[in-house]
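Structural characterization, general
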Amino acid sequence: MATIRLGDIAPDFTALTTEGEISFHKWLGDGWGILFSHPADYTPVCTTELGTVAKYKEEFDKRNVKVVALSVDGLDSHKGWINDINETQNTTVNFPIIADEDRKVSTLYDMIHPNADDKATVRSVFVIGPDKKVKLIITYPASTGRNFDELLRVIDSLQLTAYHKLATPANWQYGEDCVISPSVPDEEVPALFPKGHKVVKPYLRITPQPN
Ligand code: BEZ
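Conventions used here
- Residues numbered from 1 in each chain as written.
- Predicted model: local features only at pLDDT ≥ 70, side-chain atom pairs only at ≥ 80, totals over all residues.
- Heavy atoms only, no water.
- Helix = DSSP H or I, 4+ residues; strand = E, 2+ residues; numbered from the N terminus.
- Buried < 20%, exposed > 50% of the residue type's maximum accessible area, 1.4 Å probe, protein only.
- Pairing = 2+ DSSP bridges.
- Expected span 1.5 Å × (residues − 1).
- Arc of directions from axis to C-beta.
- Phe/Tyr/Trp six-rings, centres within 6.5 Å; stacked < 30°, edge-to-face > 60°.
- Lys NZ or Arg CZ within 6 Å of the ring centre and 35° of its normal.

**Remarks on unusual backbone geometry**
Most peptide bonds take the trans form, and the phi angle of most residues other than glycine is negative. For Tyr42, which is not glycine, the phi torsion reads 55° and is therefore positive. Following the sequence through the fold, Tyr42 ends up in the loop between β3 (32–37) and α2 (44–55). For Tyr42, a relative accessible area of 46% gives the class partly exposed. Located in the positive-phi region is Lys132, a residue other than glycine, with phi close to 70°. Structurally, Lys132 can be placed in the loop between β6 (123–128) and β7 (134–140). The class of Lys132 is buried, set by a relative accessible area of 14%.

Here it is as structure tokens:
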């Protein structure tokens, strides 16, 4: 297992999921992807997380993001637990969950942190771009449910960078002013950002969000 870093190609794999076998890169196609692990089926925090992700489907679709979850439990366990998620979270799970019983994918993505728990995956999140490169890695402890609004916020920022040469400042929220990437030469700024821009410092150039 090699450490995965931002900018690396996301390791490809085939895996059994609740929606059939997937070949990861092929399944991602030319869109964006989220691969996220949870410690175990039939646990309280995970139940709320997977229910929340199901409810965010429209938001992920808008951003052309496919989502796949993972734990080291088996397919039958996943399928039984999905009924509980649907019932208790008032939703329908609408994304695949990988049954990583042999820990192939967890090992590939370093999702098991033995000093935290040697049997279960921690709460890892990988965001993968259309170029199959890893754009974001977050690791949460088992006891803390993730903030999926934050995940959407980062994906919006990543897409502004990918499609508009923009970065986003501290605590940025969708619709607020953005930062022009330092790689954009001053002479290209007016054409690239027709909504206008403000030069606070030569290295700090602000423009309204374009989209
Ligand atoms: C949970 O998913 O609910 C959980 C897992 C491990 C520790 C604490 C909570």
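Moving on from the coordinates now.
**A closer look at the pairing of β7**
The side chains of a regular strand alternate between both faces of the sheet. As paired strands, β6 and β7 are joined by 6 bridges and run antiparallel to one another. Residue Phe126 lies in a different strand from β7, and its bridge partner there is Ile137. Taking the residues between adjacent antiparallel strands as the criterion, β6 and β7 are bridged by 5 residues, where Lys132 takes a positive phi near 70°.

**Looking at helix α4 (residues 75–89)**
Since the α-helix turns once every 3.6 residues, residues separated by three or four places project in the same direction. End to end, α4 covers 20 Å across 15 residues, agreeing with the expected 21 Å (1.5 Å per residue, within 8%). The set of residues buried in α4 consists of His78, Trp81, Ile82, Ile85 and Gln89. Buried residues in α4, looked at end-on, bunch into an arc of 120°, giving them a common side. In α4, those exposed residues whose orientation departs by more than 90 degrees from the buried face are Asp76, Asn83 and Glu87.

**Regarding the packing of aromatic side chains**
The full count for this structure, using the stated rule, is 9 aromatic pairs. Ring centres of Phe13 and Tyr109 lie 6.1 Å apart, and the angle between their planes is 90°; this geometry places the pair in the edge-to-face category. Residue Phe13 is located in the segment before β1 (14–17), and its partner Tyr109 is located in the loop between α5 (104–108) and β6; the two are separated by 96 residues in the primary sequence. Each member of the pair Phe13 and Tyr109 is classed as buried. The interplanar angle of 75° and the centroid separation of 4.9 Å between the aromatic rings of Tyr109 and Phe126 together place this pair among those described as edge-to-face. With Tyr109 in the loop between α5 and β6 and Phe126 in strand β6, the pair connects residues that are 17 residues apart, well separated along the chain. Taken individually, Tyr109 and Phe126 each receive the classification buried, so the pair is uniform in this respect. Through successive ring pairs, a cluster of aromatic residues spans Phe13, Phe24, Trp27, Tyr109 and Phe126. The ring of Trp27 carries Lys66 above its face, with NZ or CZ at 4.8 Å from the centroid.

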